[in-house]
Amino acid sequence: MPERCDVQKTSIEWCNFSSNPIYAVRKSDGKRGWACTHASPGCLHCYSETINKRLGTGYPFTKKYEVEVEWRLNVQELAAWFRHKAAGKVFVCDMTDLWHPAIPDEYILSIIGVAAMTPWKTYQFLSKRPERMRHIVETYTIADCLAIVYTATEDSPTLARQFPLNEYRADTAVQQGWPPKNTWWGVSVESPEYLWRINELCQIPAAVRFLSLEPLLAPIELTGGRLPIYSHSGPPCCVEQKGFHRTQHKSLIHWVIVGGESGPGARPCDLAWIRRIVQQCQAAEVKCFVKQFGAVVIDTDRFQGARFIGYENKDYVKDIKVRLRHRKGGDPLEWPEDLRVREFPV
């Protein structure tokens, strides 16, 4: 697997670049790749795991293999963040979960610190482990991040030359606040069983909090109850949030990405589920981004009285399947007009 020490352009529609400053090596021989551990059913067909088994350490992302790898921070990749002058949105660690419990706090703080020192970019953090996100924000400050970055450069003259650190950089980082305002924080939710992640996310006073409802495996209701996104005509949000004064009817979620599953073994996604997410976002005045319908698309709305009874029922799925030319269902020109929604929060 080739070394990557640069911010890369990406085909992911909701960002401009990706960067992976965290990687893993196989303890037995140093073979480089990535690592992670399945957190919920949404991880079943992880694209990163597929790539890692073929080109990386060779290990699947299961708990059994956690002890077989060593996590590392690629400081050369972080140095590239200073060199890369193009503005845009950077998806950080699209090949693993930055907030995995095995990744040292120091690595995470280094990444946040360098992000704060490069304010011309927006860094997107996405996780299925919002409790770790919350722990980092509540335990540390931007000063802790800067201290780790500066200490690392003091110990390494080579690194000091690559990291253009000075008083201006430090002042810039401090001005970003905590967490830095050029960082967006998000959680993945694939089904109602994991809605609790949203409430964890809302305890983080980030400039932008977002949801990735991909792969969407079941209908999700985001409005009412104890959830932070709801219609202005609905009940007030019950989530308590530190450090924020907000009006009664203002969503704590700023952006929602939604999409079906693609790739081998993809599970069906009902257009009715996506449509319901779009409607809820519009009612709550939350920006929505429909990424793709997925490889197996069904449309129960198109059939009067149809009811999706589970993707295990292959014959039933076949009867209501929508056939699209794009293999991921990612071409908006093939979509119903009301689902051609690709908005950004700022």
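This write-up is about the structure you can find in this document. Bear in mind the structure is a predicted one, so any value in this text is a computation, not a measurement.

1. Examining helix α4 (residues 130-139)
- For α4, the set of buried residues is P130, R132, M133, I136 and V137. When α4 is viewed along its axis, its buried side chains cluster within an angular range of 160° and face the same direction.
- Buried residues in α4 make contact with α3 (105-116), β7 (121-127), β8 (183-188) and α8 (196-201).

2. Considering the sheet that holds strand β14 (residues 321-322)
- Read from one edge to the other, the open sheet built from 3 strands follows the order β11-β13-β14, with strand pairing classed as mixed. Only two strands of the sheet have a single partner each, and these edge strands are β11 (269-270) and β14.

3. Quick word on the packing of aromatic side chains
- With the rule as written, the count across this model stands at 15 aromatic pairs.
- Ring centres of W14 and W255 lie 6.3 Å apart, and the angle between their planes is 80°; this geometry places the pair in the edge-to-face category. With W14 in the loop between β1 (8-9) and β2 (17-19) and W255 in strand β10 (residues 255-259), this residue pair connects regions lying 241 residues apart in the sequence.
- Judged by its relative accessible area of 3%, W14 is buried.
- Using a relative accessible area of 0% as the deciding quantity, one classes W255 as buried.
- Between the aromatic rings of W255 and F344, the centroid separation amounts to 5.5 Å while the plane-to-plane angle is 35°, which identifies the pairing as tilted. Here W255 is found in strand β10, whereas its partner F344 is found in the segment after β14, with 89 residues between them in sequence.
- Among the residues examined, F344 registers a relative accessible area of 28% and is labelled partly exposed.
- Put simply, the rings of W14, F91, W184, F210, W255, F289 and F344 touch in pairs and so form one group of aromatic residues.
- When the ring centre of Y23 is taken as origin, the NZ or CZ atom of R32, which lies over that ring, is 3.8 Å away.

4. Focus: the environment of S18
- Mapped onto the secondary structure, S18 falls in strand β2.
- As a C-alpha pair, S18 and F91 span 73 residues in sequence and 4.6 Å in three-dimensional space.

5. Considering α3
- Over its 12 residues, α3 runs 17 Å from end to end, which matches the ideal 16 Å to within 8%, given 1.5 Å per residue.
- Taken together, the buried positions of α3 are occupied by D105, I108, L109, S110, I111, I112, G113, V114, A115 and A116.

6. A short note on the packing of α3 against α4
- Relative orientation of the contacting elements α3 and α4 amounts to 70°, with a least axis distance of 12 Å. Comparing their axes, α4 and α3 come out roughly perpendicular. Residues D105, I108, L109 and I112 of α3 touch α4, and the partners they reach there are R132, H135 and I136.
- A breakdown of the residues in the contact of α3 with α4 according to their chemical character gives 4 nonpolar, 1 polar and 2 charged.

7. Quick word on the pairing of strand β6 (residues 88-92)
- Most of β6 sits inside the fold, with 5 of its 5 residues counted as buried.
- When β2 meets β6, the two strands line up parallel, connected through 3 bridges. Bridge assignment links S19 to a residue of β6, and that residue is V92.
- Direction of pairing for β6 relative to β7: parallel, over a ladder of 4 bridges. Among the inter-strand pairings, G88 is bridged to a residue of β7, identified as K121.
- A crossover connection joins β6 to the parallel β7 through α3; in handedness this β-α-β unit is right-handed.

8. Quick look at the packing of helix α2 (residues 75-83) against α3
- Contact pair α2 / α3: the axes reach a minimum separation of 10 Å and the direction vectors enclose 10°. With respect to α3, the element α2 is oriented roughly parallel. Taken together, the residues of α3 that come into contact with α2 (itself represented by L78, W81 and F82) are S110, I111, V114 and A115.
- Taken together, the residues that form the contact of α2 with α3 break down as 6 nonpolar, 1 polar and no charged.

Cut-offs and rules
- Residues numbered from 1 in each chain as written.
- Predicted model: local features only at pLDDT ≥ 70, side-chain atom pairs only at ≥ 80, totals over all residues.
- Heavy atoms only, no water.
- Buried < 20%, exposed > 50% of the residue type's maximum accessible area, 1.4 Å probe, protein only.
- Helix = DSSP H or I, 4+ residues; strand = E, 2+ residues; numbered from the N terminus.
- Arc of directions from axis to C-beta.
- Contact = heavy atoms within 4.5 Å.
- Pairing = 2+ DSSP bridges.
- Phe/Tyr/Trp six-rings, centres within 6.5 Å; stacked < 30°, edge-to-face > 60°.
- Lys NZ or Arg CZ within 6 Å of the ring centre and 35° of its normal.
- Expected span 1.5 Å × (residues − 1).
- Axes fitted to C-alpha atoms, helices over the stretch in contact; angles between N-to-C directions.
- Parallel < 35°, antiparallel > 145°, perpendicular 65-115°, else oblique.
- Nonpolar A, V, L, I, M, F, W, Y, C, P; charged D, E, K, R; others polar.
- Right-handed = clockwise from strand over helix to strand, strands pointing away.

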